[in-house]
Amino acid sequence: MTVTAQIDSSRAVATLINVFTVSPERQDELVTLLARATEETMKRQPGFICANFHVSQDGERVVNYAQWESEEHYRAMLANPEARVHMDHAATIATDVQPRLFRVRSAHGR
């Protein structure tokens, strides 16, 4: 499966960058959970655009880069009990979770 993410600074979307700290032996478990949660729940939430998961080579971090149509859509997802179950489970695997919302200020390509 090939998915191409396009970052567009002219479109006002809510960009979530969530950095999970995890023990290396649990990195794959966390990514599997996050990917399953996205396929089963997040993709069906109003305003969902995309989610991408990046793993550090040392095994200690997982970064979730996701986009929502608006901050309101993102906040509504946070309040959804079905979505909360997945997020709460991820928090039991990770030793630290650092979610932050961002706006794309600038994007550069080749």
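Check the entry above for the structure.
None of these values were measured; they are calculated from a predicted model. (Residues numbered from 1 in each chain as written. Predicted model: local features only at pLDDT ≥ 70, side-chain atom pairs only at ≥ 80, totals over all residues. Heavy atoms only, no water.)

Caption draft 1: Highlighting the sheet that holds strand β4 (residues 96-102). Read from one edge of the open sheet, four strands run β2-β3-β1-β4, paired in antiparallel fashion. A single partner strand is all that each edge strand has here, and the edge strands are β2 (48-55) and β4. The sheet shows a mean angle of 15° between the axes of neighbouring strands, direction not considered. As paired elements, strand β1 (residues 14-21) and β4 share seven bridges and run antiparallel to each other. Note that in β4 the partner of Phe20 across the bridge is Val97. Seen against the sheet, helix α1 (residues 27-40) touches β1, β2 and β3 (61-68) and runs at an angle of roughly 170° to β2. (Pairing = 2+ DSSP bridges. Helix = DSSP H or I, 4+ residues; strand = E, 2+ residues; numbered from the N terminus. Axes fitted to C-alpha atoms, helices over the stretch in contact; angles between N-to-C directions. Contact = heavy atoms within 4.5 Å.)

Caption draft 2: The arrangement of the pattern of salt bridges in detail. Per the counting criterion, the structure on display carries seven salt bridges. Note that Lys43 is salt-bridged to Glu39, the shortest N-O span being 3.1 Å. The closest approach of N and O atoms between Arg84 and Asp88, which form a salt bridge, is 3.1 Å. You can see Arg84 and its partner Asp88 sitting in helix α3 (residues 81-93), four residues apart, about one turn around the helix. For Arg84, a relative accessible area of 32% corresponds to the partly exposed category. Accessibility expressed as a relative area gives 41% for Asp88, which makes it partly exposed. (Salt bridge = Lys/Arg side-chain N within 4 Å of Asp/Glu carboxyl O. Buried < 20%, exposed > 50% of the residue type's maximum accessible area, 1.4 Å probe, protein only.)

Caption draft 3: Structural context of the environment of Tyr74. In this fold, Tyr74 is placed in helix α2 (residues 71-79). Given the relative accessible area of 7%, Tyr74 is considered buried. Between the alpha carbons of Tyr74 and Arg84 there is a distance of 12 Å; along the sequence they are 10 residues apart. The contacts of Tyr74, once residues within four sequence positions are left out, are Leu16, Trp68, Pro99 and Leu101.

Caption draft 4: Structural view of the packing of aromatic side chains. Counting across every chain of the model gives one aromatic pair. Relative to Trp68, the ring of Phe48 has its centre 5.3 Å away and its plane inclined at 80°; by these criteria the two rings are edge-to-face. Taken together, the positions of Phe48 in strand β2 and Trp68 in strand β3 put the pair 20 residues apart, joining distant regions of the chain. Take Phe48: its relative accessible area is 19%, and that puts it in the buried class. (Phe/Tyr/Trp six-rings, centres within 6.5 Å; stacked < 30°, edge-to-face > 60°.)

Keep in mind that these numbers describe shape and distance, not what the molecule does.
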